[in-house]
Amino acid sequence: VNMAVAAGRFFQSIGWAAAYVYISEVYPTSCRAFGASVAVATGRLGGILAPMAFEWLLSTTGRPTGFFTVVMAMAALIASLVQGLPVETKDRQLGDIGREAQSLRPAAQLAKSV
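Residues numbered from 1 in each chain as written. Predicted model: local features only at pLDDT ≥ 70, side-chain atom pairs only at ≥ 80, totals over all residues. Heavy atoms only, no water.

Trainee: Quick question: what am I supposed to make of the confidence of the model for the protein chain here?
Mentor: Detailed reading of the predicted coordinates is not advisable wherever pLDDT is low. On average, residues of the protein chain score 76 in pLDDT, and 85% of them reach the 70 mark or higher. Here helix α5 (residues 107-113) stands out as the least confident element of the protein chain, with mean pLDDT 51; helix α2 (residues 32-61) is the most confident, with 86. (pLDDT = per-residue confidence, 0-100. Helix = DSSP H or I, 4+ residues; strand = E, 2+ residues; numbered from the N terminus.)

Trainee: Mind showing me how you'd approach the packing of aromatic side chains here?
Mentor: Remark: the centre distance and the inter-plane angle together describe each pair of aromatic rings, the angle taken between the planes. Counted by the stated rule, this structure contains three aromatic pairs. Summarising the aromatic geometry, the rings of Phe54 and Phe67 are spaced 5.3 Å apart at their centres and angled 90° between planes, so their arrangement reads as edge-to-face. One end of the pair, Phe54, is in helix α2; the other, Phe67, is in helix α3 (residues 65-82), with 13 residues separating them in the sequence. Take Phe67: its relative accessible area is 16%, and that puts it in the buried class. Taking the centre distance of 5.6 Å and the plane angle of 75° together, the rings of Phe67 and Phe68 count as edge-to-face. (Phe/Tyr/Trp six-rings, centres within 6.5 Å; stacked < 30°, edge-to-face > 60°. Buried < 20%, exposed > 50% of the residue type's maximum accessible area, 1.4 Å probe, protein only.)

Trainee: What's the story with the layout of surface pockets in this structure? I'm lost.
Mentor: A probe matching the size of a water molecule, rolled over the atoms, marks out where space remains unfilled. Of the pockets and cavities examined, the largest pocket occupies roughly 2,300 Å³. With 16 residues, helix α1 (residues 2-26) is the single largest residue contributor to the lining of the largest pocket. Grouping the amino acids of the lining of the largest pocket by side-chain chemistry returns 34 nonpolar, 10 polar and four charged. (1 Å grid on protein atoms, 1.4 Å probe; cavity = no way out; pocket = protein on both sides within 12 Å on 5 of 7 lines; lining within 4 Å. Points joined across faces, edges and corners; volume = space filled by probe spheres on them. Nonpolar A, V, L, I, M, F, W, Y, C, P; charged D, E, K, R; others polar.)

Trainee: Quick question: what am I supposed to make of the packing of α1 against α2 here?
Mentor: For any two helices packed against each other, one specifies the crossing angle of their axes together with the interaxial distance. Orientation of α1 relative to α2, taken along the N-to-C sense of each, is 160°, at an axis distance of 9 Å. Here α2 runs roughly antiparallel to α1, going by the angle between their axes. Note that α1 runs across α2; the crossing there is right-handed. Of α2, the residues touching α1 (which contributes Trp16, Tyr20, Ile23 and Ser24) are Arg32, Gly35, Ala36, Ala39, Val40 and Gly43. (Axes fitted to C-alpha atoms, helices over the stretch in contact; angles between N-to-C directions. Parallel < 35°, antiparallel > 145°, perpendicular 65-115°, else oblique. Left-handed = near helix turned anticlockwise from the far one by under 90°. Contact = heavy atoms within 4.5 Å.)

Trainee: What is the right way to look at a nonpolar patch on the surface in this model?
Mentor: Residues Leu45, Ile48, Leu49 and Met52 make up a contiguous nonpolar surface patch of about 400 Å² in total accessible area. When you line up the elements, Leu49 lands in helix α2. The exposure class of Leu49 is partly exposed, given its relative accessible area of 45%. (Patch = residues over 30% accessible without salt bridge, like charges linked within 9 Å, V, L, I, M, F, W, Y side chains within 5 Å. Areas by Shrake-Rupley, 256 points an atom, 1.4 Å probe, with all protein chains shown as cover. Salt bridge = Lys/Arg side-chain N within 4 Å of Asp/Glu carboxyl O.)

Trainee: Explain the packing of α2 against α3 to me, please; I cannot follow it from the model alone.
Mentor: Relative orientation of the contacting elements α2 and α3 amounts to 130°, with a least axis distance of 8 Å. For the element pair α2 / α3, the angle class is oblique. Residues Ala50, Ala53, Phe54 and Leu57 of α2 lie in contact with α3, whose contacting residues are Gly66, Phe67, Phe68 and Val70. Its residues placed into classes, the contact of α2 with α3 shows seven nonpolar, one polar and no charged.

Trainee: So what exactly am I meant to see when it comes to the environment of Tyr27 here?
Mentor: Tracing the chain through its elements places Tyr27 in the loop between α1 and α2. C-alpha of Tyr27 to C-alpha of Gln102: the two residues are 75 residues apart in sequence and 9.4 Å apart in space. Leaving out residues up to four positions away in the same chain, Tyr27 has contacts with Arg32 and Gly35.

Here you go:
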């Protein structure tokens, strides 16, 4: 169990590092801090709710495996969502990434920003 917890923390750290890099590359400068703060706040909320969810699932099922099943299902869902991120940033210049991200914005928002 201790090794599973350590491995979970390791992969969580990698996930947050990747999120910070992706946010800083894709979000425009004007809203980058807001996007990063939403990501951090969501992670903190998960950190607050996870112990309560663990206790609830433990009392409901009587086994700790229910919580780990839920966590693994959520990790699989997030991994599948990451595959659908709209902008690929690998081996690209920041200006190119910004132009592609701009092109994904709806036309109404583009008209407001001009």
